[in-house]
Amino acid sequence: MTELTTVEQILERKSHPVVRDASVAKTHDMRDLLFELEAKGEIIVQRVPEPYFEMTTKYGRKKKIPLEHTWHHKSCGHCGHLPGYASSILWRHRQFGLDSLDPTDQTSCTGWNYYASAASNAAGQASVMARNFAAAYETGYFPLIHCGTSFGHYKEIREQLVHHKELRDEVRRILGKMGKPLVIPEEIVHYSEWVHMMRDRIAEKQTLDMSMITATVHPACHYYKIVAEDAIYDPEIYGGQRTAVVTAMLETIGVNVADYSTWFDCCGFGFRHVLVQRDFTRSFSVLRKIETMKNEVNPDLTVTHDTGCVTSLDKSQFAAKAHDRKVGIPILSDAQVAALAMGAHPFRVIQFHWHSTDWRPFLDKLGVNWQKYWDEFQGDLDQIRAGTKSGITWEDADKPVNLTG
Amino acid sequence: MPTTLENWNPGKAENRHPDVTYAEKERLFLEVKNDVRFSDFLYGCYECGICVATCPSARFYDYSPRVIAQAMAREDVERVYDIIAEDIWNCAQCFSCVRCPRQNNPGGLVTILREVSLKNGLQETKDALQGYSRVIYKVMLKGNQVSPDMLQPDFFPDWGPWVGEFSANMQIWRKAIPMDSIRGVTDAAWRVDRKTLLELYTIWFESGNMDIIKELDEALYDLLTEVMQEELEEG
């Protein structure tokens with residue numbers, strides 16, 4: 001056979017038809033490398049438990065999302081400052097009767113601190129991740145990551161661990177001090193992917209009509225920009241040009257999702273900025289996101305799927321209002337909106353009182369009798385103050401309520 | 001000054017920090033370049049500007065992820081030092097810049113630059129992180145970045161009267177959360193087991209994190225070391 005010249009080789013390649021069938025044109029799959037390392041005895045790969053459902057990622061790879069037996073890797077921003085975000089996630093698992101675990105042997109990923117201050121290093125960050133994953137593995141439950149930053153950070157660390165033997169060796173040495181193996185899950189799964197997967201079942205249990213609501217979606221940067229190929233996409237949603245999570249769920253429960261020009265912009269969180277230089281956070285959040293949405297769409301609500309986004313977009317609006325800027329959009333997570341649609345108590349579960357931008361007009365538009373439930377919640381607080389009740393439990397919060405009654 | 005063969009320096013920066021020797025700047029640059037992640041984060045630069053167009057910090061500061069990728073790729077030691085001293089703390093770490101068609105990760109380069117700056121105790125970095133120490137204290141000791149008791153009106157006046165209302169009701173509101181791991185916890189985001197915290201402290205010591213803290217803030221280092229060591233000894 002005659003050898004082709006370089007130019008002929010290029011022409012030969014170009015003459016081939018573009019393969020558009022994802023199952024034929026196999027994309028890079030991190031799991032191949034994970035299984036190779038496992039076969040060499042370097043790591044343990046925790047398998048996604050059955051039953052799971054496969055969702056399509058950006059370039060066509062099918063990602064396994066577990067239905068249950070989930071180890072809820074909580075977010076410090078949710079639990080510290082927006083607890084209704086975390087309780088809405090757990091509440092929904094309970095509504096579907098799915099087995100899950102709310103562990104206390106989990107630490108933060110510490111990624112927020114790392115992105116804010118860099119007061120750590122690759123080995124430190126990888127060890128924190130690996131310790132959490134080993135803790136999940138010990139229980140037999142599979143990690144479901146609540147925080148967008150943890151999700152992105154862990155995916156990036158997974159890449160580093162797979163590609164750098166010296167880092168793996170160092171992390172194994174550190175984990176050895178606490179008797180833990182180096183475990184990496186087969187998939188790194190964000191809770192909003194789980195919500196996306198469950199959207200039809202959420203709609204089946206929906207008791208609150210949301211068809212009068214127009215919402216904008218802020219996709220969280222660390223969900224879909226870091227290790228972009230691992231985020232969920234759907235050709236039916238934005239023509240497959242933006243991540244499908246959040247938007248697909250909102251559309252399934254009847255919310256009108258409106259588009260706006262600065263959808264790709266971040267929320268202004270900045271990690272360091274939101275804590276010690278908030279002039280940047282406030283300005284960016286209001287000028288590039290909230291005011292743009294107001295001017296272009298005037299939504300009843302903005303929905304996102306990460307801790308920092310809810311915080312910056314919600315809390316930045318007060319100071320802007322003092323400067324007569326065009327603000328006043330309540331901010332919720334997809335987890336909270338889905339819980340509301342299914343009749344979760346607005347205060348015992350969704351914890352609206354932790355949000356500062358006025359959410360009452362949104363609930364009024366839905367016809368939710370929020371005052372009734374606020375009064376009921378105040379009764380709970382009175383009992384806690386009086387010492388006749390130690391706190392609100394799932395027993396108080398599990399039962400869906402008639403929100404418009 | 002007329003351009004001659006001796007001073008011809010195409011695209012290279014002027015010496016804006018003459019108080020630091022070229023040898024020291026080069027040492028810092030090599031520390032960045034030798035980081036295990038450097039080759040994953042930089043592949044070259046088309047100068048297309050996509051990273052700048054998507055960068056939130058570029059809108060509000062004199063800051064450019066493209067300049068960072070360019071200076072690193074050219075190995076422009078002077079300019080890289082300028083970036084360390086003047087630019088890195090403007091980055092919002094959103095990673096919008098990874099839209100780069102060359103697969104560069106300017107945000108990732110910034111994290112390496114920040115790490116090197118911290119490890120070498122640069123004053124500009126200490127200044128940028130002033131006021132941040134209480135967060136480091138929280139995350140390293142409690143295993144959580146933020147906690148309800150950090151939400152105080154003095155620290156968040158721009159969040160309006162909600163912070164005051166929250167602060168006054170914090171103890172009760174925290175008991176009114178159905179999750180067992182959160183209910184009643186005010187000094188952390190959730191209840192973290194003691195054994196887990198000891199494992200976290202082990203990671204900080206073993207991974208070299210404490211050395212970084214020592215360079216940043218010696219008083220914070222002393223405080224953290226004392227508490228963690230005492231806890232670890234107690235077992």
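Predicted model only: the values in this text are computed from it and were never measured.

Trainee: Hey, could you run me through the domain arrangement of chain B in this one?
Mentor: Many analyses report the size of an interface as the accessible area lost when the parts associate. For chain B, the assigned domains are domain 1 (22-128) and domain 2 (133-234). Computed from C-alpha coordinates alone, the two centres of domain 1 of chain B and domain 2 of chain B are separated by 30 Å.

Trainee: I would appreciate a short explanation of the interface of chain A and chain B in the present structure.
Mentor: Every contact between the two is made by 76 residues of chain A and, on the other side, 63 residues of chain B. Among the residues making up the side of chain A that touches chain B, the classes are represented as 33 nonpolar, 27 polar and 16 charged.

Trainee: I would appreciate a short explanation of the nonpolar core in the present structure.
Mentor: Nonpolar side chains tend to gather and get buried jointly when the protein is soluble and globular. Residues Ala130(A), Leu250(A), Ala338(A), Ala339(A) and Leu109(B) are the most contacted members of the largest nonpolar core, which totals 182 residues. Of all the elements, helix H6 (residues 122-139) of chain A adds the most residues to this core, at 11 residues. Among residues more than four places away in sequence, those in contact with Leu109(B) are Phe41(B), Leu42(B), Ile68(B), Ala69(B) and Met72(B). Among the nonpolar cores identified, the runner-up in size contains 6 residues, and Phe318(A), Phe156(B), Val163(B) and Phe166(B) belong to it.

Trainee: For this particular structure, what's the right way to read the domain arrangement of chain A?
Mentor: Residue and element names in this part refer to chain A. The domain boundaries assigned to chain A delineate domain 1 (30-191) and domain 2 (206-386). Averaged C-alpha coordinates put domain 1 and domain 2 at centres separated by 25 Å. Taken together, the contacts link 34 residues of domain 1 with 33 residues of domain 2. Broken down by secondary-structure element, the contributors of at least two residues to the side of domain 1 that touches domain 2 are strand S2 (52-56), helix H3 (76-81), helix H4 (83-95), helix H5 (111-117) and helix H7 (148-163). Each residue belonging to the side of domain 1 that touches domain 2 can be placed in one class, and the counts come to 13 nonpolar, 15 polar and 6 charged.

Trainee: Help me understand the packing of helix H1 (residues 22-33) of chain B against helix H7 (residues 106-119) of chain B in this model?
Mentor: When two helices pack together, you describe them by how their axes are tilted relative to each other and by the distance separating the axes. All names here are of chain B. One way to put it is that H1 packs onto H7 with a least axis distance of 9 Å and a crossing angle of 130 degrees. Taken together, H1 and H7 sit at an angle that is classed as oblique. The two elements H1 and H7 meet at a crossing, and its hand is right-handed. Counted together, Leu28, Glu31 and Val32 of H1 and Ile112, Leu113 and Val116 of H7 form the full contact between these two elements.

Trainee: Would you take a moment to explain the sheet that holds strand S6 (residues 142-145) of chain A for this structure?
Mentor: Through backbone hydrogen bonds, the strands of a sheet pair up, either in parallel or in antiparallel fashion. All names here are of chain A. Across the sheet, 3 strands lie side by side as S5-S4-S6; this open sheet has parallel pairing. On the outer flanks of this sheet lie strand S5 (100-101) and S6, each paired with one strand and no other. Direction of pairing for strand S4 (residues 70-73) relative to S6: parallel, over a ladder of 4 bridges. Pairing of Thr70 across the sheet is with Phe142, part of S6.

Trainee: Sorry, what's going on with unusual backbone geometry here?
Mentor: Where the residue is not glycine, phi is negative for most of them; where a peptide bond is considered, it is trans in most cases. All names here are of chain A. Cis geometry marks the peptide bond from Glu50 to Pro51; its omega dihedral reads 0 degrees. By secondary structure assignment, the location of Pro51 is in the loop between strand S1 (44-46) and S2. In the Ramachandran plot, Tyr238 falls in the positive-phi region, its phi being about 55 degrees despite a non-glycine side chain. Summarising the element assignment, Tyr238 is placed in the loop between helix H11 (221-224) and helix H12 (247-252).

How each quantity is defined
Residues numbered from 1 in each chain as written. Chains lettered and ligands numbered in written order. Predicted model: local features only at pLDDT ≥ 70, side-chain atom pairs only at ≥ 80, totals over all residues. Domains from an automatic or database assignment. Contact = placed C-beta atoms within 7 Å. Nonpolar A, V, L, I, M, F, W, Y, C, P; charged D, E, K, R; others polar. Core = buried A, V, L, I, M, F, W, Y, C linked by C-beta atoms within 7 Å. Buried ≥ 20, exposed ≤ 12 C-beta atoms within 10 Å, placed from the backbone. Helix = DSSP H or I, 4+ residues; strand = E, 2+ residues; numbered from the N terminus. Axes fitted to C-alpha atoms, helices over the stretch in contact; angles between N-to-C directions. Parallel < 35°, antiparallel > 145°, perpendicular 65-115°, else oblique. Left-handed = near helix turned anticlockwise from the far one by under 90°. Pairing = 2+ DSSP bridges.

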